[in-house]
Amino acid sequence: MKKLLYLAGGFAGLGLGALGAALPLLPAFPFLLLAAFCFARSSERLHRWFLATRLYKENLASFVAGRGMTRRVKRRIMTLVTLTMAVGFALMERVPAGRVILALVWAGHMLYFLFGVRTLPEADDQDA
């Protein structure tokens, strides 16, 4: 039963990650991390397949390997996070506490990607 839940989580993460790679407001990165996590715990064959996909290689491979991300990938993630959170911020017009929390979460994301994730030269993006 546990294996089936991980498989479902892996496919859900893969589907949402693929949508996030194409749609401007849906972030791909966390969903692809979820897919990698779930596939690793459910099926060795699916995990190997996922690691070989272009979607994984372009979005996660260098980060998971501990090397970091290129400026282009970091910029894309930070832009999408900012746009997504801006929509939430605008919709919380009557909820000042929600706006403060959202602003703090946004600041945490920006600080993490600016200072917590190493920036790689663009050439490494092609090797990944």
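Residues numbered from 1 in each chain as written. Predicted model: local features only at pLDDT ≥ 70, side-chain atom pairs only at ≥ 80, totals over all residues. Heavy atoms only, no water.

Overview of the overall build of the protein
Consideration 1: If you tally the helices and strands in the protein, you get 8 helices and 2 strands.
Consideration 2: For the protein, the α and β elements follow one another from N to C terminus as α-α-α-α-α-β-α-α-β-α.
Consideration 3: Projected onto the principal axes, the alpha-carbon positions of the protein cover approximately 50 × 40 × 25 Å.
Consideration 4: Sorting the 128 residues of the protein into buried and exposed places 34% on the buried side.
Consideration 5: Across the protein, contacts joining residues at least 24 apart in sequence account for 64% of those joining residues at least 6 apart.
Consideration 6: Of the roughly 8100 Å² of accessible surface on the protein, 68% is carried by carbon and sulfur atoms. (Helix = DSSP H or I, 4+ residues; strand = E, 2+ residues; numbered from the N terminus. Buried < 20%, exposed > 50% of the residue type's maximum accessible area, 1.4 Å probe, protein only. Contact = heavy atoms within 4.5 Å. Areas by Shrake-Rupley, 256 points an atom, 1.4 Å probe, with all protein chains shown as cover.)

A word on the confidence of the model for the protein
Should pLDDT be low for a region, the predicted coordinates there are not to be read in detail.
Consideration 1: Counting all residues, the mean pLDDT for the protein is 84, and 92% of those residues have values of 70 or more.
Consideration 2: Counted against residues more than four places away or in other chains, residues 124–128, with its pLDDT under 50, gives 8 contacts. (pLDDT = per-residue confidence, 0-100.)

Focus: a nonpolar patch on the surface
Consideration 1: Taken together, the side chains of Met1, Leu4 and Leu5 present a nonpolar region at the surface, about 400 Å² in accessible area.
Consideration 2: Its relative accessible area of 59% is what places Leu5 among the exposed residues. (Patch = residues over 30% accessible without salt bridge, like charges linked within 9 Å, V, L, I, M, F, W, Y side chains within 5 Å. Salt bridge = Lys/Arg side-chain N within 4 Å of Asp/Glu carboxyl O.)

Examining the packing of aromatic side chains
The way to describe two aromatic rings as a pair is by their centre distance and the angle between their planes.
Consideration 1: Scanning all chains against the criterion turns up 5 aromatic pairs.
Consideration 2: Summarising the aromatic geometry, the rings of Tyr112 and Phe113 are spaced 5.4 Å apart at their centres and angled 75 degrees between planes, so their arrangement reads as edge-to-face.
Consideration 3: A residue is classified by how much of its surface remains accessible, and Tyr112, at 40% relative accessible area, is partly exposed.
Consideration 4: Of the residues examined, Phe113 reaches a relative accessible area of 5% and is grouped as buried.
Consideration 5: Taken together, the aromatic side chains of Phe11, Phe39, Phe50 and Tyr56 make up a single cluster linked through ring pairs.
Consideration 6: Across from the ring centre of Phe89, 4.3 Å away, lies the NZ or CZ of Arg99, which sits over that ring. (Phe/Tyr/Trp six-rings, centres within 6.5 Å; stacked < 30°, edge-to-face > 60°. Lys NZ or Arg CZ within 6 Å of the ring centre and 35° of its normal.)

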